[in-house]
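# Commentary on secondary and tertiary structure
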Amino acid sequence: MKIIREACVETKKEIDAAYAKKAERIELCSHLDKGGYTPTKTLVDYSLRKPKNNVIIMIRRKCDNYVTNKSDMKKLISDIKKYKDTKIKGFVFGLLTKDNKVDVNNMKELMKYVGKKYVVFHMAFDLIKDKEEAINQLTELGVKRILTKGGNDIAINNIKSLNKLKKLAEDKIELVVGGKVSDENYLQINKLTKIDQFHGRKLAC
C-alpha cells in the first residue's frame, strides 16, 4: 500500500511548501495554535489552484472541547454548505458529548450536508475511552477516516495502542497517524504499525 503524507497547513507559504514536496494530501486549517478552525475561502481557493489537488478542510469554529450546541451547529452546517460544491475532497470534523463519547446525533446531522465529500473524524477521537464502540459508531455514520495519535502521548510513543486500533479498525475505517509525526519518524511508525497514512505540520512541508 502506498504511504500517504498529509501535510497540515494554515498559510499560503505552507501550501506552496506542501505542493513542492509533493505531499499526497493537504489538510487545510486556520488557527492551528488552537487545534484548527475552518479556513478562509481565500485560503481554500488558493489551495485548489493545482489541477490535481487533494485537499481536505477542517470544519470547526471555536475551542470548545468538541462539544457543540444548536447555535454552533448552524455555523458548522453553514461552513460545510459553503465548501461542499468546491473541489476539496473532504471535511475534517468531530463532535463529542460532555462525557467524551461520539456525539452520534449531531454527527449524523452534519453528515447530511457533506454531499459527495468524505469525512474524517479528527483527534477528538483520542479523548474517547471506548475506542471499539467509537469505531463502530463512526463506521455506521459513514465516516471514512480517523485521525489519531493513539493515546495521550505523541504517536511514536504509542505504537502498542496504535497496533490495537489498527486491529479494531481493519476492514471498517481508515486510520491516519498524527501527533508530532514528521519526515524523520513516519517511516519508523509505518514499519512498526503497518499503518500507511500520516499527518503532521512537519510532514512534507
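This text follows the structure it describes.
Residues numbered from 1 in each chain as written. Predicted model: local features only at pLDDT ≥ 70, side-chain atom pairs only at ≥ 80, totals over all residues. Heavy atoms only, no water.

### A few points about the overall build of the protein
The line we're drawing: Put simply, DSSP marks the helices as runs of H or I at least four residues long and the strands as runs of E at least two long, and each gets a number from the N terminus on. Both definitions apply: the radius of gyration is a C-alpha atom measure, and the globule rule equals 2.2 Å times residues to the power 0.38. Each residue's exposure class comes from its accessible area (1.4 Å probe, protein chains only) as a fraction of the maximum for that residue type: buried when under 20%, exposed when over 50%, partly exposed otherwise. Only heavy atoms enter the contact rule, under which two residues are in contact if any of them lie within 4.5 Å. Throughout, the Shrake-Rupley method with a 1.4 Å probe supplies accessible areas, and for residues the shown protein chains are the sole cover considered.
Along the backbone of the protein there are seven helices and eight strands. Against the globule reference of 17 Å for 205 residues, the protein gives a C-alpha radius of gyration of 16 Å, in line with a compact fold. By its C-alpha atoms, the protein is 40 × 40 × 30 Å across when sized along the principal axes. Burial analysis of the protein (205 residues in total) assigns 51% to the buried set. Within the protein, contacts between residues at least 6 apart in sequence are counted, and of these 62% link residues at least 24 apart. Total accessible area computed for the protein in this model is approximately 10600 Å², and 50% of it derives from carbon and sulfur atoms.

### So, the packing of aromatic side chains
Between two aromatic rings, the relevant description is the distance of the centres plus the angle of the planes. The cut-off we apply is this: Each pair of aromatic rings taken from Phe, Tyr and Trp, with Trp reduced to its six-membered ring, is defined by centres within 6.5 Å and is described as stacked if the planes are under 30 degrees apart, edge-to-face if over 60, and tilted in the remaining cases. Criterion for a charge above a ring: Arg CZ or Lys NZ at most 6 Å from the ring centre, at most 35 degrees from the ring normal.
Considering all chains together, one arrives at one aromatic pair under this definition. Their ring planes at 55° and their centres at 5.9 Å tell us that Tyr-186 and Phe-198 sit as a pair that is tilted. Of the two residues, Tyr-186 is situated in helix α7 (residues 186–193) and Phe-198 in strand β8 (residues 197–200); the sequence distance between them amounts to twelve residues. Accessibility classification places Tyr-186 together with Phe-198 in one group, the buried group. One residue, Arg-49, lies across the ring of Tyr-46, its end atom 4.3 Å from the ring centre. It is Lys-50 that lies over the ring of Tyr-19; its NZ or CZ is 5.7 Å from the centre.

### Observations regarding the packing of helix α3 (residues 70–83) against helix α4 (residues 104–111)
What counts here: Lines fitted to C-alpha atoms define the axes here, with helix axes fitted over just the stretch in contact, and angles between the N-to-C directions of these axes take values from 0 to 180 degrees. Angles below 35 degrees are treated as roughly parallel, those above 145 as roughly antiparallel, those between 65 and 115 as roughly perpendicular, and all remaining angles as oblique. With the far helix as reference, a near helix turned anticlockwise by less than a right angle produces a left-handed crossing, and one turned clockwise produces a right-handed crossing. Classification convention: Asp, Glu, Lys, Arg as charged; Ala, Val, Leu, Ile, Met, Phe, Trp, Tyr, Cys, Pro as nonpolar; all other residues, Gly among them, as polar.
Relative to each other, α3 and α4 sit at 30°, their axes nearing to 10 Å. In terms of orientation, α3 and α4 fall into the roughly parallel class. The handedness of the crossing between α3 and α4 comes out as right-handed. Contacts from Met-73, Leu-76, Ile-77 and Ile-80 of α3 reach α4 at Asn-106, Glu-109 and Leu-110. Its residues assigned to classes, the contact of α3 with α4 comprises five nonpolar, one polar and one charged.

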